[in-house]
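Notes for the structure review
Here is what each chain is made of, one letter per residue.
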Amino acid sequence: MSSKVFYLFLVFATITTIACDTVVDLIKAAEYPVEVHYVQTSDGFKLRMHRIPEGLRKLNYDVATGSSEETDSHHQNESSSREPVFLMHGLLCSATMWVCQSPDKSLGFMLADAGYDVWMLNARGTSFSTAHKHLDPQSKNYWDFSWHEIGMYDVPAAINYILQKTKHKKVHYVGHSQGCTVFAVALTMHPSLNKKISGAYLLTPAIYMHHMSSFVKTLMENEKELVTAANFLGIYRLEMRGSVANKLKNMICPDNDKDSNMRCSEIMYKVIGSDSGQMDRASIIYLLTKTVWDNISLKQLIHYGQVARRGKFAMYDHGALENQIRYGSRSPPEYNLETITVPTTVIYGEKDGLVNTADVEHFISKLPNVRKTIKYPWNHMDFVFGQDVDVRVNDFIIRGMRDKIHNKSDSCVVKDKSEAINACTKIALKHKDDIFIQHPPIYTLVLAA
């Protein structure tokens, strides 16, 4: 039995019911310290946020090549002196995505071991953040939100809470997929947040989605029919953590049936993009269904469908009449991405079925302060669950935060790989087949499979 499989067995052995706090269980299973905090939004939602205040191992990122593990003891410096990092999960996920793998693969644990104060928000509607001042989670009104409200209310409330608790002036931001969408919404709707974020690392940003190749595009683009059917059936959410979802999952993808899980993984790849060989087909479905997937509002999907069909990153389209009342125009206004001045690194994949490279590069062209971009031959989920994520993504993010490389604006003229590593990126990747391509005034890092 591999160490990865054995670790997952130990983790899942501690998780017996959905009612428990899975994030806390995952962190405790890895023997890391954990705190649970609650954030109140201005529109009445009570959000649960998990914190890893310190790590177990000390990862030294001052060495010339890669990270090195020095000790298995707690860091000596106080949590208050650690720079806070804010992790924002993607669609159909929660904070579990940052801690559900072994400590040497999960970004949440790696950041803590590198000396950071790690904060992980669970967006409204997830199984961890269902409370509201007066709305019943079973009601239609409760689920009347899209990712716009998560960016408008949840993200600013969480960042302000973190800064108030830690007494720091800025946080580092890392988001995956929808975590990037809500970052863009938050900073365009609240430009003052630019001064509260030292740097952003956006993994497969779901901003423009017009060139999506996933088969779900057809479903998402027919949002009017989807809304009509949902209203008729009284469906306002996708409950991935409910008993019905569990029974359906056990029927289609039973835990102990390897063949069924392989078939389910084939369906998954038709959604997220082709198999790059980064994820373990035999275990990924079990990991996602048992731990990662979580509840969302149907409006989140519908809003993405509008973005995909129209090719614009715009607010929710309520129809011409209601748009006129809400926005003062018949069409929903676009988010002004030029207001995002945070130094930003964008990491994305050539095999992504949900966020096409053309759409990501269009997004990059709209941002005024993109400092680094990296393109891998990966699909949408490889950036969190891929076997090389520790070296090719997590190490890069941590080194960027540590070395403040996102604040350097000099263009990088790359002649060969060694020069790129030593003079430009100051990171060492443990792969001999990496190819660096110049892309002034920023650089693009294109890595072979």
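Structure: above.
A brief look at the structure comes next. (Residues numbered from 1 in each chain as written. Predicted model: local features only at pLDDT ≥ 70, side-chain atom pairs only at ≥ 80, totals over all residues. Heavy atoms only, no water.)

**Quick look at the nonpolar core**
If you look at soluble globular proteins, the nonpolar side chains tend to sit buried side by side. In plain terms, the rule: Among buried residues, the Ala, Val, Leu, Ile, Met, Phe, Trp, Tyr and Cys ones that are joined through side-chain atoms within 4.5 Å form a nonpolar core. Residue exposure (1.4 Å probe, protein chains only): buried if accessible area is under 20% of the type maximum, exposed if over 50%, otherwise partly exposed. In what follows, a contact means two residues having at least one pair of non-hydrogen atoms within 4.5 Å.
Within the largest apolar cluster, 112 residues are counted, with the highest numbers of intra-cluster contacts made by Phe 86, Tyr 173, Val 174 and Phe 385. Apart from residues no more than four positions distant in its own chain, Val 174 is found in contact with Val 85, Phe 86, Leu 87, Met 88, Trp 98, Leu 107, Tyr 201, Leu 203, Ile 397 and Met 401. Of all hydrophobic cores here, the second largest spans 6 residues; its members include Ala 230, Ile 296, Leu 301 and Tyr 316.

**Quick notes on the packing of helix H4 (residues 147-166) against helix H5 (residues 178-189)**
Our working definition: Structural elements are reduced to axes, namely lines fitted to C-alpha atoms, with helices fitted over the stretch in contact, and the angle between N-to-C directions of any two is expressed from 0 to 180 degrees. Each helix is a run of DSSP H or I of at least 4 residues and each strand a run of E of at least 2, with the numbering of both proceeding from the N terminus. Oblique is the label for any angle not covered by the other classes, which are roughly parallel (under 35 degrees), roughly antiparallel (over 145) and roughly perpendicular (65 to 115). By the definition used in this description, the sense in which the near helix is turned from the far one sets the handedness, with an anticlockwise turn below a right angle giving left-handed and a clockwise turn giving right-handed. Three classes are used, and their members are as follows: Ala, Val, Leu, Ile, Met, Phe, Trp, Tyr, Cys and Pro are nonpolar, Asp, Glu, Lys and Arg are charged, and the others, Gly among them, are polar.
It is the contact of H4 with H5, at a shortest axis distance of 8 Å, that shows an interaxial angle of 70 degrees. Accordingly, the angle class assigned to the pair H4 and H5 is roughly perpendicular. Here H4 and H5 pass one another in a crossing that is right-handed. Only Gln 178, Thr 181, Val 182, Val 185, Ala 186 and Met 189 of H5 make contact with H4, whose side of the interface consists of Trp 147, His 148, Ile 150, Gly 151, Met 152, Val 155 and Pro 156. Per-class residue counts for the contact of H4 with H5 are 9 nonpolar, 4 polar and no charged.

**Quick notes on the packing of aromatic side chains**
Put simply, the rule is: Only the six-membered ring of Trp is used, alongside the rings of Phe and Tyr, when aromatic pairs are assigned; centres must lie within 6.5 Å, and planes under 30 degrees apart are stacked while those over 60 apart are edge-to-face, with the rest tilted. A ring is considered to have a charge above it if a Lys NZ or an Arg CZ atom is located within 6 Å of its centre and within 35 degrees of its normal.
As enumerated under the stated definition, the model contains 16 aromatic pairs in all. Pairing Trp 147 with Tyr 335 gives two aromatic rings, centres 6.3 Å apart and planes at 45 degrees, and the pair type is tilted. In this pair, Trp 147 is assigned in helix H4 and Tyr 335 in the loop between helix H12 (320-327) and strand E12 (344-349), connecting sequence segments 188 residues apart. Classification of Tyr 335 by relative accessible area gives buried; the value is 6%. Ring centres of Tyr 376 and Phe 383 lie 6.1 Å apart, and the angle between their planes is 45 degrees; on these two criteria the pair is classed as tilted. In this structure an aromatic cluster arises from ring pairing among Trp 147, Tyr 208, Tyr 304, Phe 313 and Tyr 335. Looking at Lys 46, its charged tip hangs above the ring of Tyr 38, at a distance of 4.9 Å from the centre. Directly above the ring of Phe 45 sits Arg 124, whose terminal nitrogen or CZ lies 4.0 Å from the centroid.

**Structural notes on the state of the cysteines**
To keep it simple, the criterion reads: We call a pair of cysteine sulfur atoms a disulfide when they lie within 2.5 Å.
Throughout the structure, instances matching the rule amount to 1 disulfide. Across a sulfur-sulfur distance of 1.7 Å, Cys 253 and Cys 264 are joined as a disulfide pair. Residues Cys 253 and Cys 264 are joined through a disulfide that is left-handed, its torsion about the S-S bond being -95 degrees. Here Cys 253 is found in the loop between helix H8 (243-252) and helix H9 (258-272), whereas its partner Cys 264 is found in helix H9, with 11 residues between them in sequence. By the burial criterion, Cys 253 is buried, and Cys 264 matches it. This cysteine, Cys 93, is not joined by any disulfide, and Cys 100 carries the nearest cysteine sulfur, 8.8 Å off. Residue classification places Cys 93 among the buried positions, given a relative accessible area of 4%.

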